[in-house]
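These are the residues of each chain, in order.
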Amino acid sequence: MTRADLLSLTPETLASLANRGLVKRAEKDLAAGSGPQVTTTAEGAVRGSFPDGTETVLRPGLGLDAADCTCGATGVCRHRIGLVLAYQRATEAGTESAGAAYEDWSPGEFDDEALTKTLGLPALTAARRVRDRGYTARVHPPTAEDPVPRVELPTCTVRFPVPHELGYALTDASAALRGEMVALAVWAFRAADEGDTTEVSVGGRATPRAQGADDALRTALSLADELLLDGVQQAGPVFAGSLDRARQELTAASCHWPAGAVADLAEQLDAYAARATRYEPERFASLLAELHARHRAADRDPVGVLGTGEAPQTPLRRVRLVALGCRITGTTRDRTAETYFAHADAGIALVLRKRWDLTGEQAPTGHELSTRRLLGSPLHALATANVVSEHTARAADRTVSISRGRIAATSVTPVGSAWTELPASLLLHDTAAHLRRTLADRPPRLIRPRVEADALRVVAIGTIESFGYDPAAQLLEAALRDPAGNDILLRAEYNPLSPGGLDALAKALSEDRITHISGLLTRTHGRTTLDPMALLTPTGVVVPDLSPGTGDTPLTTTPAHRTDPIATALRSALTTLADAAHQGLRHLTTSTRTRLTDAAAHLHRTGLHTAAHLLRDLDQTLTGQGATSAVPFWVNAQLNLVTSLELHEEGQEGSTGHTDLG
């Protein structure tokens, strides 16, 4: 590392290289006059002599962990950090230049020789094995707003805080995996540089799908078609067992994304059997179509579409997570709490999932669950906390597992002001600019990697203009603006498992003291929409799903919305297809057949001629050839309608470059 590079090491970067405690200790020593006397050598080294007799030397081309220090500590110590901070303060340019400055560069510039020299041959060999299997990544080049380039790998994130310097690359993966993950990140940047894209699949494509993977996928498709023909009412415990075996086979064949779809399909059947609100015919139909979509697109990108070669879990080193709220779901037999966290160092959101089985007459609400303990703390405290843990593992779908381990290995403290200190990738002040970046060039949702909470962000709130409740839809909506002046439509559905949620949300909105809202940020009906998880106010964090109340507070009703004819026609047709899948193509009622004809006519009148033609093909095949022959026609219509609605709502009509599902 050069002397100029030392100025790029911010306190946050130093904390990532060691921990916040060492950085604070070094800063305290400097403030007390116990810092080192700094000198430089003709060879470019920086030397520090501390009052306690410790000598530390930072040599060019080496990272902090390879610096010489007579204190005897292994790895990065307070003397090494203190020398960096002292050098920054002693350098006239340090007060202006210290910190990450924007430079347009790419870590893809490092060749394999540089990787071997810095990371070691064993790390590079391990990384090549992963590349041979193939992996996906999301690349974030440096920008003026976020000058540190980073790569989101399936189970960890890698950042490059010092331009043109590989030794200071940071990752949240455990130390044993650091070199391997840094190499994978560099190769991802190379692929992005060559293809001029941010979503990349690296390696793996030259290797055809293994026979086991293809067989497992065909087995899952066969079960999906059986469901489509006979409907959910015919699927009993034996069929549920078949789905579970198919999921296991897909997982064993490294087809992680289809395995996830099969698991969700089994959950929908279980919810239907339990007469739970979690069962949704539209969701059920979408999952059937997803399996076909991934099968059709797999040959073009098996890594991205199937999730082949993704590691099931990666252990992380000591991490600090910032809670962003909680969502409660469940059936008559269980409850699940999904607690969302921001991993600031990685710039992403993660999900911690906890499920409780219910017995007897138990029917706990979200507020009642809020007192149950996770990681030694009540759920309501965990959902509004900073969590620091040395026992964390992250899965490819961004779910996270945390164990308490040794005493004090995991700490849970109040969140404080941590929301306001999140990086720009998580904390948004301009939602429109963020959505322009994230929605561009994405493949359709049915074949994207199945990543939990990919849309979760914290949005700074400028003004709250109005809000109201739609009793017919059981939906609370609010018109907001972010600090950049962009319109945001907050939409919160009533959750019967958390009856006081909308009351708590309405109370916070009426007090007009909300500064930030965490939630799922998307575009719906051409508008930026936010599904809230938690709200930050001057008095603390409000989590609607964990709030008390019975849902009997009178709420101001909202005026009727203007309808979108294209979205209305597409949704109506999708509802009809979902009803057909729910009943089973072999058991369609006369009214459903009539609705298929009406939906096709509606689509045609709206100008959606291709979609109308696909529905007519389905209806004619059912009449002339029977239900079995109609399966691919139902799939074609469902894929077309789902993708058309997605692109329409995101404002991407006419987009090109998406993987062909047909």
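Up top is the structure.
Residue numbers run consecutively from 1 along every chain, following the written order of its sequence. Two thresholds apply to this predicted model, a pLDDT of at least 70 for residue-level local features and 80 or more for giving and counting side-chain atom pairs, whereas whole-chain, interface and lining totals are computed over all residues. The basis for the side-chain values is all heavy atoms of the structure; hydrogens and waters are excluded.

### A few points about the pairing of strand β11 (residues 319-330)
- To sort residues, take the accessible area from a 1.4 Å probe on protein chains only and compare it with the maximum for the residue type: under 20% means buried, over 50% means exposed, and anything in between is partly exposed. Each helix is a run of H or I in the DSSP string that is no shorter than four residues. Each strand is a run of E no shorter than two, and both are numbered from the N terminus. Burial runs high along β11: 10 of the 12 residues are buried.
- Strands qualify as paired when DSSP identifies two bridges or more between them. The pairing of β11 with strand β16 (residues 385-389) spans four bridges and is classified as antiparallel. Across the sheet, residue Leu321 finds its bridge partner in β16, namely Val387.
- Pairing geometry for β11 and strand β12 (residues 334-343), over nine bridges, is antiparallel. Looking across to β12, one finds that Thr329 is bridged to Thr336.
- Linkage of β11 to β12, two consecutive antiparallel strands, is achieved through a turn of three residues.

### Details of the packing of helix α12 (residues 281-297) against helix α21 (residues 627-649)
- With their axes 10 Å apart at the nearest point, α12 and α21 run at an angle of 95° to one another. Considering their axes alone, α12 and α21 lie roughly perpendicular with respect to each other. Contacts between α12 and α21 involve Ala285, Ser286, Leu288, Ala289, His292, Ala293 and Arg296 from the first element and Pro632, Trp634, Val635, Asn636, Gln638 and Leu639 from the second. Working convention: axes come from line fits to C-alpha atoms, limited for helices to the stretch in contact. Angles between N-to-C directions cover 0 to 180 degrees. In this scheme, roughly parallel covers angles under 35 degrees and roughly antiparallel covers those over 145, while 65 to 115 is roughly perpendicular and the rest are oblique. Pairs of residues are marked as contacts when any of their non-hydrogen atoms sit within 4.5 Å.

### Quick word on the environment of Ala323
- Of note, Ala323 is situated in strand β11.
- Taking the C-alpha atoms as reference points, Ala323 and Ala479, separated by 156 residues in sequence, lie 25 Å from one another.
- In this view, Ala323 contacts Tyr340, Phe341, Leu382, Ala383, Thr384, Ala385, Val415 and Trp419; residues no more than four positions away in its chain are not counted.

### With respect to the side chain of Gln268
- The topology assignment puts Gln268 in helix α11 (residues 256-273).
- For Gln268, a relative accessible area of 4% gives the class buried.
- Dropping the residues within four chain positions of it, Gln268 is found in contact with Arg278, Tyr279, Glu280, Arg283, Phe284 and Leu287.

### Observations regarding the pattern of salt bridges
- Salt bridges are identified by distance alone: a Lys or Arg side-chain nitrogen within 4 Å of an Asp or Glu carboxyl oxygen. As enumerated under the stated definition, the model contains 35 salt bridges in all.
- Notably, a salt bridge pairs Glu649 with Arg571, separated by 2.4 Å at the nearest N-O pair. Here the residue Glu649 occupies a position in helix α21, and Arg571 occupies one in helix α18 (residues 565-583), the gap between them amounting to 78 residues.
- Its relative accessible area of 10% is what places Glu649 among the buried residues.
- Through salt bridges with shared partners, a single ionic network connects Arg138, Asp146, Arg150, Glu152, Glu199, Arg398 and Asp454.

### Overview of the environment of Val202
- Tracing the backbone shows Val202 in strand β9 (residues 199-202).
- Linking Val202 and Glu282, residues 80 residues apart in sequence, is a C-alpha distance of 34 Å.
- Ignoring any residue separated from it by four or fewer positions in sequence, one finds Val202 in contact with Arg131, Gly134, Tyr135, Trp187, Ala188 and Ala191.

### As for the sheet that holds strand β18 (residues 400-402)
- Spatially, the three strands line up as an open sheet ordered β10-β17-β18, and their pairing is antiparallel. Each of the sheet's edge strands pairs with one partner strand only, and the pair in question is β10 (313-316) and β18. Looking at each pair of strands side by side, their axes are set apart by 25° on average, direction ignored.
- Summarising the sheet, strand β17 (residues 392-395) and β18 pair through three bridges and their orientation is antiparallel. Residue pairing across strands places Thr392 opposite Ile402, the latter belonging to β18.

### Some remarks on the sheet that holds β16
- An order of β13-β12-β11-β16-β19 is seen for the five strands of this open sheet, with the pairing classed as antiparallel. Whereas interior strands pair on both sides, the edge strands pair on one side only; in this sheet they are β13 (348-357) and β19 (410-414). If you compare each strand with its neighbour and ignore which way they point, the axes differ by 30° on average.
- Sheet topology note: the β12/β13 ladder contains 10 bridges and is antiparallel. Within β13, the position partnered with Ala337 by the bridge is Lys354.

### With respect to the packing of aromatic side chains
- Each pair of aromatic rings taken from Phe, Tyr and Trp, with Trp reduced to its six-membered ring, is defined by centres within 6.5 Å and is described as stacked if the planes are under 30 degrees apart, edge-to-face if over 60, and tilted in the remaining cases. Tallied over the entire structure, the rule returns five aromatic pairs.
- Ring centres of Phe160 and Phe189 lie 6.3 Å apart, and the angle between their planes is 80°; on these two criteria the pair is classed as edge-to-face. With Phe160 in the loop between β7 (157-159) and β8 (170-171) and Phe189 in helix α8 (residues 178-195), this pair connects stretches of sequence that are 29 residues apart.
- Looking at Phe189, the relative accessible area reads 1%, which means it is buried.
- Between Tyr272 and Tyr279 the ring centres are 5.1 Å apart and the planes differ by 65°, which places this aromatic pair in the edge-to-face class.

### Section: the packing of α12 against α18
- For the pair α12 and α18, the least separation of the axes is 8 Å and the interaxial angle reads 80°. Classed by the angle they form, the pair α12 and α18 counts as roughly perpendicular. The segment α12 lies against α18, with Pro281, Glu282, Phe284, Ala285 and Leu288 engaging Thr575, Ala578, Ala581 and His582.
- Note on residue classes: Ala, Val, Leu, Ile, Met, Phe, Trp, Tyr, Cys and Pro are nonpolar, Asp, Glu, Lys and Arg are charged, and everything else, Gly too, is polar. Residues belonging to the contact of α12 with α18 are distributed by class as follows: six nonpolar, two polar and one charged.

### Some remarks on the side chain of Asp29
- Positionally, Asp29 belongs in helix α3 (residues 20-31).
- Setting aside residues up to four positions removed in sequence, Asp29 forms contacts with Ser34, Gly35 and Arg78.

### Things to note about the pairing of β12
- Burial analysis of β12 places 10 of its 10 residues in the buried class, the great majority of the element.
- Burial along β12 is two-sided: Asp334, Thr336, Glu338, Tyr340 and Ala342 facing one way and Arg335, Ala337, Thr339, Phe341 and His343 facing the other are all buried.
- What sits between the antiparallel neighbours β12 and β13 is a turn of four residues, in which Gly347 has the positive phi angle 75°.

### Points about the nonpolar core
- Counting residues in hydrophobic clusters, the biggest one holds 75 residues, and the most contacted among them are Leu115, Leu153, Phe160, Trp187, Leu379 and Trp419.
- Here this core takes 10 residues from α8, the largest share from any one element.
- Leave out the neighbours within four places in its chain, and Leu379 touches Cys326, Ile328, Ala337, Thr339, Trp356, Leu369, Ser370, Arg372, Leu374 and Leu546.
- Nonpolar cores are built from buried Ala, Val, Leu, Ile, Met, Phe, Trp, Tyr and Cys residues. Side-chain atoms within 4.5 Å join them into one set. Leu265, Ala569, Leu588 and Leu614 belong to the second-largest nonpolar core, a separate cluster that totals 69 residues.

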